[in-house]
Amino acid sequence: MLKSKAANESVRSIPSVIEAEVSERSVLAEIELFKEVDRDALLPIERACRFRRFSAHEHIFEKDAVSTDVFFVVRGKIRIVNYSVSGREISFADVFEGNYFGELSAIDGQPRSAGAMAIEDTLIMALPRRLFLALLADYPQTALRVMRKLAQMVRTADERIMDLSTVAAQSRVQAELLRQAHSHKTVGNAAVIEPIPIHSDIASRVSTTRETVARVLNDLARQGIVQRTRTALLIRDMGLLQSMVEEARG
């Protein structure tokens, strides 16, 4: 059971409409990680899962919490976060519907390396560690997907550490925009980041201020590299933005 008070208070009965869905189909089959797993194999696993509902800005678990479940996002969005000594939020990644988080503690049995917080009203499934590890043992392709995700996490962390150590805040903001663009819809040399990233979120990821983020975005807009629409941020020239980031990195 999660040690976080917020998590304990957030365990609520699953809505009847979701119950009906669960009885008719495999919810875990909608998770990208389990594309190679037979539906019949997933259904008994789902019966052992717990559904948890969290309101926006509610914490699912804190850093150093002693829990080892893996969580799958059925509805909503999760943010992986940490906090500085002064209380400033440091954002690591967002987890969307169909994805999962919490696998590090499930793999090594250690306390949580970061916290997790619901960004909007969210429904998740909690899978016990022993069942997660059993699935990885039974389905090598699923285990390989987990390893690829972990490898990407290490690469991203290495890149951010280098950026924090070697490049100015302006270039770090540009690099973060590029990272987000690659994870969203790309069309040729353009990309669409939707919804529009919040200035404070970008600032927390690259250790700078909202004012710096706003200034960088305004500069890029004047150069025709980015364009803000009503619902999205359009990266009009990915190649040029990539060149700017690479030049700053040397």
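Conventions adopted
Residues numbered from 1 in each chain as written. Predicted model: local features only at pLDDT ≥ 70, side-chain atom pairs only at ≥ 80, totals over all residues. Heavy atoms only, no water. Pairing = 2+ DSSP bridges. Helix = DSSP H or I, 4+ residues; strand = E, 2+ residues; numbered from the N terminus. Buried < 20%, exposed > 50% of the residue type's maximum accessible area, 1.4 Å probe, protein only.

With respect to the sheet that holds strand β1 (residues 50-54)
Across the sheet, which stays open at both edges, the four strands sit in the order β1-β8-β3-β6 with antiparallel pairing between neighbours. Pairing within the sheet leaves two strands with one partner each, and these edge strands are β1 and β6 (100-101). Bridge count for strand β3 (residues 70-75) against β6 is two bridges, and the pairing is antiparallel. Within β6, the position partnered with F71 by the bridge is F101.

With respect to unusual backbone geometry
Along the chain, E194 connects to P195 via a cis peptide bond; the corresponding omega equals 0°. As for its placement among the helices and strands, P195 is situated in the loop between β10 (190-193) and α8 (199-206). Positioned with a positive phi, H57 is a non-glycine residue whose angle comes to about 75°. For H57, the position within the fold is in the loop between β1 and β2 (59-61). A residue is classified by how much of its surface remains accessible, and H57, at 58% relative accessible area, is exposed. Even without glycine at this site, S207 takes up a positive phi of about 55°. Relative to the helices and strands, S207 is located in the loop between α8 and α9 (210-222).

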